[in-house]
Each structure stands twice: as C-alpha cells, then as structure tokens.
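Below are the chains, spelled out letter by letter.
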Amino acid sequence: MWVPATDARSTTHDAGVERLLASYRAIPAGATVRLAKKTSNLFRARRRSTTPGLDVSGLCGVIAVDPVARTADVAGMCSYQDLVAATLPHGLSPLVVPQLKTITLGGAVTGLGIEAASFRNGLPHESVLEMDVLTGAGEVVTASPTEHPELFRAFPNSYGTLGYSVRLRIELEPVEPFVALRHLRFDSLPELVAAMDGIVETRGYAGQPVDYLDGVMFSPTECYLCLGTRTAAPGPVSDYTGRDIYYRSIQHPAGRPAGKTDRLTIADYLWRWDTDWFWCSRVFGAQHPRIRRCWPRRYRNSRVYRKLVDVDQRYDIGDRIERRRLTRPPAPLRERVVQDIEVPIDRTAEFLTWFAGTVPIEPVWLCPLRLRDADGWPLYPIRPGRSYVNVGFWSSVPAGPAPGHTNRLIEAKVAELGGHKSLYSEAFYPREEFDELYGGPAYRAAKAAYDPDSRLLDLYAKAVQRQ
Ligand SMILES: Cc1cc2nc3c(=O)[nH]c(=O)nc-3n(C[C@H](O)[C@H](O)[C@H](O)COP(=O)(O)OP(=O)(O)OC[C@H]3O[C@@H](n4cnc5c(N)ncnc54)[C@H](O)[C@@H]3O)c2cc1C
C-alpha cells in the first residue's frame, strides 16, 4: 500500500527530473556540472561557480511511503526534516536520522551520516534499497545491489562526483511516540568505552533494551553516555526548543550510578541536537539566558546558525574583530577544526586522551557505529563486524605554525589508530595517501564508467583541493 500513492506525486517527481535534465543540457560542454542547492552542510570553503548549476528545485519531497513494506521513495534533495515529517505519522522513521534538519537524504548517502541508531543500523546509505542517479554522462540509471552494482557500492562517500541521486528507495523502521533517556556519567574514558562496547554488543544495559546510543565528553573526567529506549508509555516530556538546552541537561554530579533520566517525544529526540547545533549555538550568544529569551524559537535551529557562519566566513568577521582587539598584523589567528572521525572502539580511549591533551576543543560528540553490510563500502573502507566510535568536534583553535596544523595532527593520529575521517570538511592528505584511504581503484573504475568525460569534479579535487 503506497501512501499517498497519488499520480500527482509521481508526476511532480517526473517533472522535477525533467527540469534537472534540461538544466544539465543547458550547462556548456566544457563547464563543470554542479548542484544549485539552497542549503549545505559542507564545511570546506569552495570556489564560487559562475556557470548555472543543476536545477534540483523539483526534487525536494517524499514521493511515497509504504507502511506495509516499511519503505519510502524519496527525492534526492529531500531534507530529513521533511522525510521524518512524512514517516512519523505512520509510526516509522528512517533507520538513521542525521541530527541536522537540513541534511538531505541524497547528501547523507553520498557524504555519509551517522546518528545514535548507527550501532544497530550502520550508516544512512546502508538502508538504501535502490536509487536513481543522474550520472556525469547525463543519463539517469537505477543502481542497486544487482543493477549497476559498482555505482551503488562506490556512491557512498563520492560526494556527488559520480552522479547525483534523484530518487532513493529506503527502508524504514517502527518507532514509538516517546524515547526514555538515561544519561550515565563516567570519570574515566576506559570505563565509558567499556560500557559503550557492552551496549553495542548486547543492545541493552542493566536489563533494559537500548535503541539509541551516543555520548558527550566534556573532559576526560566528565563524560556521558546517553541511552535511549523507545516507549509508548504516556507521561511528561521535556522540551529543549525553549529556554532549556539539551546538552546541558545531560550533565549531573558524579556518584549517581543509575544516572539521570529524561523523556522526549520521538520527534524532539530525533532533532534534539538541531536546536542548538549540538552546542555550537553558544558562539552566537544563543545560550545566554537573556539573549535566548529574545531569540525567536523559529530561529533556534541549525539552518539559521549555518547562515550566520556563512556570513562570518564570507566577510572574515571573527578574525577582523580579533585583530582589532589584539592590534596584530593581518594573519589567520584561528584555525577552523570542524571534523568527524571514526576510530576502532578499542582505540577510542587512546584517541580521546590524546585529543583532550592536544586540541583545546570541548565538548566532543561520541557515537558508536557498526556497519550493517557484510562486505563494506569501498570509498569508506571501515571494517564490517568491527565496532567504531565517531568523534565529532566543531570549533576553532589558535592557528599553528603552518596552515592546517591541528587538522593535520588529527589526520595523522586517526591514521595511526586505524581510523577514518569524514570528508565534509577540510582535508589535507597527499593524493597517494588519499587514494589508499578512500578506495582509489574502485573510485577510478566507477568514475571511468559513469563520468567518462569528467563533467563532475574529481573527489580529491573536491575534498582536498576545495574546488
Ligand atoms: C558541523 C557538522 C556536523 C555534522 N554532523 C553530522 C552528524 O552528526 N551526523 C551526520 O549524519 N552528518 C553530520 N554531518 C555531515 C553531513 O551529513 C554531510 O556533510 C552531508 O553530506 C550533508 O548533506 P547535505 O544534504 O547538507 O548535502 P550538501 O552539503 O548540500 O552536499 C554535500 C555533498 O554531497 C553532494 N550531494 C548533495 N546532494 C546529493 C545527491 N542527491 N546526490 C549526490 N551527491 C549529492 C554535494 O555535491 C556535496 O559534495 C555534519 C556536518 C557538519 C558541517
């Protein structure tokens, strides 16, 4: 049963694909093909293009939800906010819902994503059953484990350099109206990691099932695991879209073995990190009680903060203020360190201890994951059957002796520990190392087959050379 299986929906989608193809044909043959999209969660500065981009304006919705098969057909540029709004009324959600409302399904599949269900469900691309992709050659092909399998497998972590997904069929899973939370405090990183590992293995804690699991390190002696359990039991719920702030709510004094409990509606749980962009809203003053009171609720979300960051980057506002204050010569005073990395769970305490002693950023986000797929994905070759922990840190540090100093230290440490780094932000790898880390041979084979004339950028050019 398709809901709503109206012809109007699929006709609208077909019209959106037609507009996309017309815009592809309008791009001069020698020009690079790019997206013309209003939102982005990329965090590397990119060159501005003067040629028109692909018109994706008709590819932003949910085409249909099938509550019986528990699948959804979704346009490539549909935001998770719209996708979740369409599935929750059926008591269903995508298997992994990235925390920021503006992240799109196509963006999370090609650029990877992670969330608190990833220890059960892997990464967002692992629940894609099939997808229609506009290739660099200008054709729309359907890729699945059996059709164009080399494109299907190379697509995750290709960042739109093999093609753009225009429709994806994804699996959904049942949810309950509420999530019961338990926040556990640890004053030792090895203990936190041991508890996390146990939950990943057993999917439970102290006799209770655990459906969602992430955590926060404020310091090596104050860190938390946040356990979520789906529940239909009615009762009071918290609201962190108002004056209270979610990440502050998980903190509590040491010496409470049972931790601190809380409850949220499923929608508020899925978007718990969006209201304050994890904790990053504090740089705009949005967490100061007086400013928060005046900051309209509808402007407390990652979309607004992201726009503020874009303005800051375009006009260099932060550095200008700092230079005026310090009356120093114009040189970059801060280095942006906005990264998500994955290390094997048994090396996580080591990484976090090193990080806390080397990089002056706190808090950091922790999220365990285990791939769902038994074969793994060539462009992001973390090992199936092994647990990893994603560590996210999004801030800046004093500039070092060379550009990218701290980012390079992090890259080296992650490689030393057998980990991997997401590519949505800046990267500094030499080409050979990049090739080794991100599936060079599989990428080149797919690139030759699906973008033979290099109409799309190359992954290294996009991720490292910021083209
Ligand atoms: C501060 C920060 C925190 C983050 N934290 C998380 C997190 O906790 N969890 C998480 O899941 N992710 C996180 N991300 C990463 C985010 O999921 C990825 O950057 C993702 O690719 C963004 O998707 P988007 O839809 O915004 O795509 P965009 O930013 O618009 O594009 C990302 C890339 O994908 C390409 N692309 C976009 N749409 C398509 C498509 N339909 N087909 C093919 N290629 C396409 C674009 O060309 C571009 O190269 C974070 C990012 C930032 C900046």
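Residues numbered from 1 in each chain as written. Predicted model: local features only at pLDDT ≥ 70, side-chain atom pairs only at ≥ 80, totals over all residues. Heavy atoms only, no water.

Per an unreviewed UniProt entry, the recorded name for the chain is Delta(24)-sterol reductase, and the organism is Mycolicibacterium fallax. Heading Subcellular location (unreviewed entry) of the UniProt record for the chain holds this comment: "Membrane". (UniProt positions renumbered as here; feature names shortened; annotations may be inferred.)

Caption draft 1: Quick peek at the overall build of the chain. Summing up its helical and strand segments, the chain has 16 helices and 18 strands in all. Expected size for 467 residues packed as a compact globule is a radius of gyration near 23 Å; at 22 Å, the chain falls within 12% of this value. For the chain, the spread of C-alpha atoms along the three principal axes comes to 65 × 60 × 45 Å. Taken over 467 residues, the chain has a buried fraction of 55%. Expressed as a percentage of contacts within the chain between residues at least 6 apart in sequence, the contacts between residues at least 24 apart total 74%. (Helix = DSSP H or I, 4+ residues; strand = E, 2+ residues; numbered from the N terminus. Rg over C-alpha atoms; globule rule 2.2 N^0.38 Å. Buried < 20%, exposed > 50% of the residue type's maximum accessible area, 1.4 Å probe, protein only. Contact = heavy atoms within 4.5 Å.)

Caption draft 2: Layout of the state of the cysteines. Considering all chains together, one arrives at zero disulfides under this definition. In this structure C60 is a free cysteine whose sulfur lies 7.7 Å from that of C78, the closest cysteine sulfur available. For C226, which is in no disulfide, the shortest distance to another cysteine sulfur is to C367 and amounts to 10 Å. (Disulfide = S-S within 2.5 Å.)

Caption draft 3: Examining the pattern of salt bridges more closely. Throughout the structure, instances matching the rule amount to 25 salt bridges. When the shortest N-O distance is used, the salt bridge between E173 and R120 registers 3.0 Å. Of the two residues, E173 sits in strand β8 (residues 163-174) while R120 sits in helix α4 (residues 118-121), which places them 53 residues apart along the sequence. Each member of the pair, E173 as well as R120, carries the same accessibility label: buried. One salt bridge connects D214 with R272, and the closest N-O pair in it is separated by 2.8 Å. Of this pair, D214 sits in strand β12 (residues 212-219) while R272 is found in the loop between α8 (266-270) and α9 (289-294), placing the two residues 58 residues apart along the sequence. (Salt bridge = Lys/Arg side-chain N within 4 Å of Asp/Glu carboxyl O.)

Caption draft 4: Looking closely at the site of the ligand. Lining the immediate environment of the ligand, one finds 31 residues, of which K37, S40, Q99, T104 and I114 sit closest. Take Y159: an N or O atom from its main chain is 3.2 Å from an oxygen atom of the ligand. Isolated, the ligand exposes 950 Å² of accessible area, and the fraction of that covered by the protein chains is 97%. Among the elements of the structure, α3 (105-111) and β8 are those that each provide at least two residues to the shell around the ligand. Ranked by residue count, the leading element in the shell around the ligand is α3, at four residues. (Near = heavy atom within 4 Å. Polar contact = N/O pair within 3.5 Å; in protein donor to acceptor, adjacent residues only side chain to side chain. Areas by Shrake-Rupley, 256 points an atom, 1.4 Å probe, with all protein chains shown as cover.)

Caption draft 5: View of the pairing of strand β3 (residues 62-66). The buried fraction of β3 is high, at five of five residues. Inspection of the sheet shows β3 paired to strand β4 (residues 71-75) by four bridges, in the antiparallel sense. Looking across to β4, one finds that V65 is bridged to A72. (Pairing = 2+ DSSP bridges.)

Caption draft 6: Layout of helix α13 (residues 405-416). For α13, with 12 residues, the first-to-last C-alpha span of 17 Å sits near the 16 Å given by 1.5 Å per residue. Where α13 is buried, its residues meet β15 (334-344), α12 (348-358), β17 (388-398) and β18 (420-421). (Expected span 1.5 Å × (residues − 1).)

Caption draft 7: How the structure looks around the sheet that holds β18. One open sheet accounts for eight strands, arranged β14-β9-β13-β12-β16-β17-β15-β18; its pairing is antiparallel. Single-partner strands in this sheet number two, and they are β14 (260-265) and β18. Of the strand pairs in this sheet, β12 and strand β13 (residues 222-231) are connected by seven bridges, and their pairing is antiparallel. The residue of β13 that forms the bridge with M217 is C223.

Caption draft 8: Region of interest: the packing of aromatic side chains. Under the definition given, this model contains 20 aromatic pairs. Ring geometry for Y212 and Y269: centres 4.9 Å apart, planes at 40 degrees, overall tilted. Placement of the pair is Y212 in strand β12 and Y269 in helix α8, with a sequence separation of 57 residues. Here the two residues Y212 and Y269 agree in accessibility, since each one is buried. In textbook terms, an aromatic cluster arises when at least three aromatic residues are bridged by ring pairs, as seen for F218, Y224, Y240, Y246, Y247, W273, F278, W279, W365 and W394. Directly above the ring of F178 sits R263, whose terminal nitrogen or CZ lies 4.7 Å from the centroid. (Phe/Tyr/Trp six-rings, centres within 6.5 Å; stacked < 30°, edge-to-face > 60°. Lys NZ or Arg CZ within 6 Å of the ring centre and 35° of its normal.)

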